[in-house]
Amino acid sequence: MTNRVRKAVFPVAGLGTRLLPATKTMPKEMLTIVDRPLIQYAVDEARAAGIEQMIFVTGRGKSTLVDYFDTAFELEATLRDKGKSLDALAPSRAQIGEIVTVRQQQPLGLGHAVWCAREIVGDEPFAVILPDDLMVPGALKPMVEAWEQLGGNLVATEEVPADKTGSYGIITPGGTSGAVTEVRGLVEKPAPNEAPSRLGVIGRYILQPQVFAILDRGETGAGGEIQLTDAMARLIGEQPFHALKVDSVRHDCGDKAGFVIANLALALKHEDIGEKVRDALSRL
Ligand code: UTP
């Protein structure tokens, strides 16, 4: 068993119904923030955190996610013939073996999607990245650094508005030291009057492989789905479990407003187009 986090699971098999009709034929992870798809940001974040193998849990209609990281022979040949640079393509080229895929045949929930990766992850700690939570700057590197001290399981957290607890896994907090809070309990999507705190779990996790044995049972929870939160909750008390408040801005790109705001926020900071966008926004 390694004590490094070498593998990351990217559950990308969801239906993205909140972004219809855009997601009717296009995976939401392929939607563009400024000049690159969401999945590119997630893969770059994993690379920066030292992840060596990215495991995409895909579903029907998601093959463009895999094609995107392949070489584009015709495009590259055409660019070369025209004397144009291939530099813009560099981040989208994966090393052989850097990205592997497994299919989730039915969208039975996030816990089920993670479970689909169990054979590829094997018996070692692993990260989970939800690409639609765009973190600026990337949050996985500081998480890995914190995890190297803490061990066990570690989830990213932020304080969510009191009326939004029903959209998150919510933490029952224990002691806090700086940005780290001990996790005493986890509940998926509690109503505001039943939420144990306002500390919501956001889309970055480092988990121990024992979570797969719990997911094996296929138990359903909130919304009739196999919930990752419920499986993680069973590890509390068995293994160290902490939450880290990360120093990143989170854009929930699975939501229409969050997606537009992410585009604006990153465009305003972009060195080539920032000024143009700022001028246009003030005119609008
Ligand atoms: P969401 O709750 O955002 O669901 O999933 P969704 O289907 O993607 O989007 P909406 O709510 O219909 O608009 C959170 C993450 O879990 C993945 C999604 O791809 C997303 O990264 N997921 C969810 C799966 O891979 N499989 C599932 O069965 C459910």
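Above this text is the structure in question.
Residues numbered from 1 in each chain as written. Predicted model: local features only at pLDDT ≥ 70, side-chain atom pairs only at ≥ 80, totals over all residues. Heavy atoms only, no water.

## A word on the site of the ligand
So, point 1. Around the ligand sit 17 residues, and of these Pro11, Thr17, Arg18, Lys28 and Gln104 come closest.
So, point 2. Lys28 places a side-chain nitrogen or oxygen 2.7 Å from an oxygen atom of the ligand.
So, point 3. One nitrogen or oxygen atom from the side chain of Asp132 is found 3.5 Å from an oxygen atom belonging to the ligand.
So, point 4. Here the shell around the ligand is composed, by residue class, of 8 nonpolar, 5 polar and 4 charged. (Near = heavy atom within 4 Å. Polar contact = N/O pair within 3.5 Å; in protein donor to acceptor, adjacent residues only side chain to side chain. Nonpolar A, V, L, I, M, F, W, Y, C, P; charged D, E, K, R; others polar.)

## Section: a nonpolar patch on the surface
So, point 1. On the surface, a nonpolar cluster with roughly 390 Å² of combined accessible area is contributed by Val260, Leu264, Leu281 and Leu284.
So, point 2. Here Leu281 shows up in helix H10 (residues 274-283). (Patch = residues over 30% accessible without salt bridge, like charges linked within 9 Å, V, L, I, M, F, W, Y side chains within 5 Å. Areas by Shrake-Rupley, 256 points an atom, 1.4 Å probe, with all protein chains shown as cover. Salt bridge = Lys/Arg side-chain N within 4 Å of Asp/Glu carboxyl O. Helix = DSSP H or I, 4+ residues; strand = E, 2+ residues; numbered from the N terminus.)

## Here's the deal with the side chain of His251
So, point 1. Structurally, His251 is set in strand E13 (residues 249-252).
So, point 2. Taking relative accessible area as the criterion, His251 reaches 9% and is therefore assigned buried.
So, point 3. Excluding its chain neighbours within four sequence positions, the residues that come into contact with His251 are Asp132, Asp133, Leu134, Val136, Gly258, Ile261, Ala262, Ala265 and Leu266. (Buried < 20%, exposed > 50% of the residue type's maximum accessible area, 1.4 Å probe, protein only. Contact = heavy atoms within 4.5 Å.)

## Quick look at the pattern of salt bridges
So, point 1. A complete count under the given rule lists 20 salt bridges for this structure.
So, point 2. Here Asp44 ties to Arg47 by a salt bridge, and the two come within 3.3 Å at their closest N and O atoms. One end of the pair, Asp44, and the other, Arg47, are both in helix H1 (residues 38-48), 3 residues apart, so they sit about a helical turn from each other.
So, point 3. On the basis of relative accessibility, which here comes to 26%, the residue Asp44 falls in the partly exposed class.

## Comments concerning unusual backbone geometry
So, point 1. Note the cis peptide between Leu20 and Pro21, where omega equals 5°.
So, point 2. As for its placement among the helices and strands, Pro21 is situated in the loop between strand E1 (7-11) and strand E2 (32-33).
So, point 3. The amide bond that connects Val136 to the next residue, Pro137, takes the cis arrangement and shows omega of -10°.
So, point 4. For Pro137, the location among the structural elements is in the loop between strand E7 (133-136) and helix H6 (140-150).
So, point 5. Phi angles above zero are rare outside glycine, and Val34 is one such case at about 60°.
So, point 6. Tracing the backbone shows Val34 in the loop between E2 and strand E3 (36-37).
So, point 7. Owing to a relative accessible area of 25%, Val34 belongs among the partly exposed residues under this scheme.

## Describing the packing of aromatic side chains
So, point 1. Applying the stated criterion to the full structure yields 4 aromatic pairs.
So, point 2. Between Phe56 and Phe69, the aromatic rings sit 5.8 Å apart at their centres with planes inclined by 70°, giving edge-to-face as the arrangement. A residue pair is termed long-range when its members are at least 10 positions apart, and Phe56 in strand E4 (residues 53-58) and Phe69 in the loop between helix H2 (63-68) and helix H3 (73-81) qualify at 13 residues.
So, point 3. Pairwise contacts between aromatic rings join Phe10, Phe56, Tyr68 and Phe69 into one cluster.
So, point 4. Directly above the aromatic system of Trp115 lies the positively charged group of Arg118, at a separation of 3.7 Å from the ring centroid. (Phe/Tyr/Trp six-rings, centres within 6.5 Å; stacked < 30°, edge-to-face > 60°. Lys NZ or Arg CZ within 6 Å of the ring centre and 35° of its normal.)

## Observations concerning helix H8 (residues 228-235)
An α-helix turns once every 3.6 residues. As a result, residues three or four positions apart point the same way.
So, point 1. Taken residue by residue, H8 has Leu228, Thr229, Ala231, Met232 and Leu235 as its buried positions. Buried residues of H8, seen end-on, are gathered within an arc of 160° and therefore sit on one face of the element.
So, point 2. Gly237 sits one or two positions beyond H8 and adopts a positive phi of about 95°. (Arc of directions from axis to C-beta.)

## Section: the packing of helix H9 (residues 256-269) against H10
Pairs of packed helices are described in terms of their axes, by the angle between the two and the distance that separates them.
So, point 1. Two numbers describe how H9 lies on H10: the axes approach to 6 Å, and their chain directions differ by 125°. With respect to each other, H9 and H10 are oriented oblique. Across from Leu264, Ala267 and Leu268 in H9, the residues of H10 making contact are Gly274, Val277, Arg278 and Leu281.
So, point 2. Each residue belonging to the contact of H9 with H10 can be placed in one class, and the counts come to 5 nonpolar, 1 polar and 1 charged. (Axes fitted to C-alpha atoms, helices over the stretch in contact; angles between N-to-C directions. Parallel < 35°, antiparallel > 145°, perpendicular 65-115°, else oblique.)

## Some details on the nonpolar core
So, point 1. Within the largest apolar cluster, 35 residues are counted, with the highest numbers of intra-cluster contacts made by Phe10, Ile39, Phe56, Leu140 and Ile206.
So, point 2. Taken together, the elements giving at least two residues each to this core come down to E1, H1, E4, strand E6 (126-129), H6, strand E8 (153-159) and strand E11 (199-207).
So, point 3. Beyond its immediate chain neighbours, meaning those up to four positions away, Leu140 contacts Glu45, Ala46, Ala49, Ile51, Ala127, Ile129 and Ile206.
So, point 4. Residues Val9, Ile55, Leu207 and Ala243 belong to the second largest nonpolar core, which totals 32 residues. (Core = buried A, V, L, I, M, F, W, Y, C linked by side-chain atoms within 4.5 Å.)

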